[in-house]
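# Summary of the model geometry
One-letter residues, chain by chain:
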Amino acid sequence: MKTNIIHRDIPTDHALDARLHPVLARIYAARGVHCGAELDYSLDKLLPYQALKNIGAAADLLARALRGDQRILIVADFDADGATSCAVAMRCLRAMGARQVDYIVPNRFEFGYGLTPEIVDVARHKSPDLIITVDNGISSIAGVKHARALGIDVLVTDHHLPGAELPEANVIVNPNQPGDEYPGKYLSGVGVIFNIMIALRALLREQDWFVERNIDDVNLARVLDLVALGTVADVVPLEYNNRVMVSQGLARIRARHCCPGILALLEVGQRAPERITAADLGFVVGPRLNAAGRLTDMSLGIECLLSDDHERAAAIARQLHDLNSERREIQQQMEVEALETLEAIPLEDDGNLPAGICLYDPGWHQGVVGVLASRIREKTHRPVIIFAPDRDGWIKGSGRSIDGVHIRDVLESIASRHPQLISKFGGHAMAAGLTLPESGLDQFRRLFDATIQRQTGERPLHGTLLTDGELAPADMNMALARAIRDGGPWGQGFPEPQFLGDFRLQDARIVGGKHLKTLFTLADGTSIDAIAFNTTGAGWLRENIEVRTVYRLDINEFRGRQTLQLVLEAIEPLHT
């Protein structure tokens, strides 16, 4: 394998319930879970919202807007986190009695990201008294200034890392702003606005707002399906606080106590709500929702999440499904071209690719560069930025990084040393975006590679697969597979378990035109099916060969029947 295989360290000093399957106990221990309390995902275990800096001021600003019957306008980001953030704010504010609340979401091809002055000019036609940014705004210095000059109050709610200068908003709520003591620094944008809604409800209760207006007290658990979706789709680390919200949201979806839009997106993705996992939110629902923002207008996705009419939600979900199919076709073509470009890149003296990779083609689609960057990063095990044309003379890039390289810090380092090169940038450790003149691409490419080299030093850049050790044949059964499936939520920072296994290959064939289906013999002589998605295998594959694999234990569901299977993350011959 071109990747290193490393077994996770398994602490022995944990105090997990002896009734847990011993394999699951060891999996939890390897992820830093030391006692059963850390597996309690009750809502009362959420971090106290009061610890978020300025959250009291935010609640007061919103309460005054409600009492004054002000016009509230939400400005959302055009990804799944932004869409769910917008839907949470809209649903909660309406439920709390806001009569004049609306939203806009910038079209990425016309306005770009965030609360720009141009978006403020669009917003002013709706005559807002208050603008709320969700999942954006921390870098919108000029846009916030323009709004305030027009007499519009601004509440910035965001989770992205701030720059050296903060916008002059009335209030900023962001767990990553200076002076914020909230311990959950990995809140998603939807997690931030959810906490603000908790604070607002508490304040309105104190002020007897619901009693005065004869409004039913708001059950905020009803939007946890949206919070779970946005948190998983934004690939923020699933630390304990995030796992509580995701677990609660998944439980509501499984019970079908969720918005019709999520049910409709699951249906077009051929997933049964009753058995949904966090992975289904990340790989089935999220991409279909994101397709609207990538190819057209995220308003379509937001309307899907806001609709309470099942037929309308289903109709929009079908549109989003078709858009996602179109996005896949565009991405596949771009990936072919990107791999051809990679082949032409001169190798370094050590025979390897540059430490940092920047690819650009004037024919590439701006809405798909982030997905393509992820794919190229997976193949090269390097930080990658994919660029596509923006307005005349400018290009826009989306970057994805690897563990140990903070890509936003890389961009900030370049921008501080070459202030005229990058027009704007933002993001976090693993993902970032930027705009620069096309004429500056070659210079930026050199600087990006050099900065990555300084950060990584002599450390070789290659892929690493962390495993949870080997499984005995007796443990490769449906009971453990179900225990693992139900033992999540698994995701970024709390990864789904994967194991190392050596098997004898009985059979291998291609299914669906692009997936490798295999049959293995275990050490005890029994057989088990396995599948490697999006790979057609290699020339060395043949019957009776011994192979080494890294796999996940999975339950395959087909025509109402469940069977055990392995999902292969890597496969190679055991003996060369």
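Up top you'll find the structure we're talking about.
Model, not experiment: these values are computed from the prediction.

Cut-offs applied
Here, residues in each chain are numbered from 1, in the same order as that chain's written sequence. The model is predicted, so local features are restricted to residues of pLDDT at least 70 and side-chain atom pairs to those at 80 or more, both for listing and for counting; the totals for chains, interfaces and linings are taken over all residues. Computation of side-chain values: all heavy atoms of the structure, hydrogens and water removed. Strands here mean DSSP runs of E at least two residues long; helices mean DSSP runs of H or I at least four residues long; both are numbered from the N terminus. With the radius of gyration taken over C-alpha atoms, the globule rule is written as 2.2 Å times the number of residues to the power 0.38. Burial classes: relative accessible area under 20% of the type maximum marks a residue as buried, over 50% as exposed, and values in between as partly exposed (1.4 Å probe, protein chains only). The contact rule is simple, with two residues in contact once any of their heavy atoms fall within 4.5 Å. Using a 1.4 Å probe, accessible areas were evaluated by the Shrake-Rupley method; residue-level cover was limited to the displayed protein chains. Under the convention used here, Asp and Glu are negative, Lys and Arg are positive, and both His and the chain ends fall outside the count. Every charge is mapped to an atom, namely NZ of Lys, CZ of Arg, CG of Asp or CD of Glu. We define a nonpolar core as any set of buried Ala, Val, Leu, Ile, Met, Phe, Trp, Tyr and Cys residues linked to one another through side-chain atoms lying within 4.5 Å. Any pair of nitrogen or oxygen atoms within 3.5 Å is treated as a polar contact; in protein, a donor-acceptor pairing is required on top of that, and neighbouring residues in sequence qualify only through side-chain atoms on both sides. Any carboxyl oxygen of Asp or Glu within 4 Å of a side-chain nitrogen of Lys or Arg constitutes a salt bridge here. Both site types are read off a 1 Å grid over the protein atoms alone. A 1.4 Å probe that fits but cannot get out defines a cavity, while an open set with protein on both sides within 12 Å along at least five of seven lines defines a pocket; lining residues have an atom within 4 Å of a point. Grid points are joined across faces, edges and corners, and a volume is the space filled by probe spheres set on the points. Side-chain rings of Phe, Tyr and Trp (the six-membered ring for Trp) are treated as a pair once their centres are within 6.5 Å; stacked means planes under 30 degrees apart, edge-to-face means over 60, and tilted covers the remaining angles. Criterion for a charge above a ring: Arg CZ or Lys NZ at most 6 Å from the ring centre, at most 35 degrees from the ring normal. When DSSP finds two or more bridges between a pair of strands, those strands are recorded as paired. To obtain an axis, a line is fitted to C-alpha atoms, over the contacting stretch when the element is a helix, and the angle between two such axes runs from 0 to 180 degrees between their N-to-C directions.

Turning our eyes to something else, we now look at the overall build of the protein. For the protein, the count of helices and strands is 17 helices and 17 strands. Compactness check: the protein gives a C-alpha radius of gyration of 24 Å against a globular reference of 25 Å for 576 residues, within 12% of the reference. When the backbone C-alpha atoms are referred to their principal axes, the protein occupies close to 75 × 60 × 50 Å. Here the protein holds 576 residues, and 52% of them are scored as buried. Considering only intrachain contacts with a sequence separation of at least 6, the fraction spanning at least 24 residues in the protein is 66%. Counting every atom, the protein has about 25,100 Å² of accessible surface; 47% of that belongs to carbon and sulfur. A gap of 2 Å separates the mean positions of the 60 positive and 75 negative side-chain charges of the protein.

What follows covers the nonpolar core. With 144 residues, the main nonpolar core has Ile-74, Leu-93, Met-96, Ile-132, Met-197 and Leu-566 as its most contacted residues. Of the residues forming this core, the biggest block, 11 residues, is contributed by helix H6 (residues 189-206). Sequence-distant contacts of Ile-74, defined by excluding residues within four places in its chain, comprise Cys-86, Ala-89, Met-90, Leu-93, Val-101, Asp-102, Tyr-103, Ile-104, Ile-132 and Val-134. One finds Phe-387, Ile-422, Phe-444 and Phe-448 within the second-largest nonpolar core, a separate group that totals 23 residues.

Here we take up the side chain of His-515. The topology assignment puts His-515 in strand S14 (residues 515-521). Accessibility expressed as a relative area gives 17% for His-515, which makes it buried. In terms of polar contacts, His-515 uses its side chain to reach the backbone amide nitrogen of Asn-534, at 3.0 Å. Excluding residues within four positions of it along the chain, His-515 makes contact with Arg-509, Ile-510, Ile-531, Ala-532, Phe-533, Asn-534 and Thr-535.

Mapped onto the secondary structure, Val-284 falls in helix H11 (residues 278-295). Along the primary structure Val-284 and Gly-269 are separated by 15 residues, whereas in three dimensions their C-alpha atoms are 5.9 Å apart.

This next bit is on the pattern of salt bridges. Counting across every chain of the model gives 29 salt bridges. Across the salt bridge formed by Arg-67 and Glu-212, the nearest N and O atoms sit 3.4 Å from each other. Note that Arg-67 is positioned in helix H2 (residues 55-67) and Glu-212 in helix H7 (residues 209-212), a separation of 145 residues in sequence. The exposure class assigned to Arg-67 is partly exposed, which follows from its relative accessible area of 36%. Residue Asp-69 is joined to Arg-99 by a salt bridge in which the shortest nitrogen-to-oxygen separation is 2.6 Å.

A separate point is empty space enclosed by the protein. Tallied over the entire structure, the rule returns 1 cavity of 30 Å³ or more. Space inside the largest cavity adds up to approximately 30 Å³. In this structure, the largest cavity is lined by Ala-65, Leu-66, Asp-69, Gln-70, Ile-72, Gly-97, Ala-98, Arg-99 and Gln-100.

What follows covers unusual backbone geometry. Phi is mostly negative for residues that are not glycine, and the peptide bonds are mostly trans. The residue after Gly-488, namely Pro-489, is reached through a cis peptide bond having omega 10°. Secondary-structure assignment places Pro-489 in the loop between helix H17 (478-486) and strand S13 (499-511). One non-glycine residue, Asn-214, lies in positive phi territory at about 55°. One can find Asn-214 in the loop between H7 and helix H8 (224-233). For His-381, which is not glycine, the phi torsion reads 60° and is therefore positive. With respect to the helices, strands and loops of the structure, His-381 is situated in the loop between helix H14 (369-380) and strand S8 (384-389). In this structure His-381 comes out as partly exposed when scored by relative accessible area, which is 22%.

With that out of the way, let us pick up the packing of aromatic side chains. Under the criterion given, the structure shown has 9 aromatic pairs. Here Phe-387 and Phe-444 contribute two aromatic rings whose centre-to-centre distance is 5.9 Å and whose plane-to-plane angle is 85°, an arrangement assigned as edge-to-face. One end of the pair, Phe-387, is in strand S8; the other, Phe-444, is in helix H16 (residues 441-456), and 57 residues separate them in sequence. Both residues of the pair, Phe-387 and Phe-444, belong to the buried class. On the numbers, 5.8 Å between centres and 55° between planes, the contact of Phe-503 with Tyr-551 is tilted. With a gap of 48 residues between them, Phe-503 in strand S13 and Tyr-551 in strand S16 (residues 546-558) connect regions that are remote in the sequence. No difference in accessibility class separates Phe-503 from Tyr-551, as the two residues are buried. Three or more aromatic residues link up through ring pairs in this structure, and these residues are Phe-499, Phe-503, Phe-520 and Tyr-551. Seen from the ring of Phe-494, Arg-243 lies directly overhead, with NZ or CZ sitting 3.8 Å from the centre. Positioned above the aromatic ring of Trp-394, the side-chain terminus of Arg-391 is 4.7 Å from the ring centre.

Considering the arrangement of structural elements, one finds Asp-135 in the loop between strand S4 (130-134) and helix H5 (141-149). Residue classification places Asp-135 among the buried positions, given a relative accessible area of 0%. Of the polar contacts made by the side chain of Asp-135, one reaches the side chain of His-159; its length is 3.0 Å. Leaving out residues up to four positions away in the same chain, Asp-135 has contacts with Asp-77, Asp-79, Asp-81, Gly-82, Ser-85, Tyr-113, Thr-157, Asp-158, His-159, His-160 and Gly-189.

Attention now goes to the sheet that holds S8. With respect to topology, 5 strands assemble into an open sheet ordered S7-S8-S9-S11-S10, the strand pairing being mixed. Here the strands that pair on one side only, and so sit at the sheet edges, are strand S7 (357-360) and strand S10 (424-427). On average, each strand axis in the sheet is tilted by 15° relative to the strand beside it, whichever way the strands run. Sheet topology note: the S7/S8 ladder contains 4 bridges and is parallel. The residue of S8 that forms the bridge with Ile-357 is Val-384.

The subject of this paragraph is the sheet that holds S14. Here 5 strands make up a closed barrel; going around it, the order is S13-S14-S15-S17-S16 and the pairing mixed. Averaged over all pairs of adjacent strands, the angle between strand axes in this sheet comes to 45°, irrespective of strand direction. Where S13 meets S14, 7 bridges bridge the pair, whose relative direction is antiparallel. Among the inter-strand pairings, Ile-510 is bridged to a residue of S14, identified as Leu-516. The strands that H17 touches are S13, S16 and strand S17 (561-573); relative to S16, the one it contacts most, it runs at about 75°.

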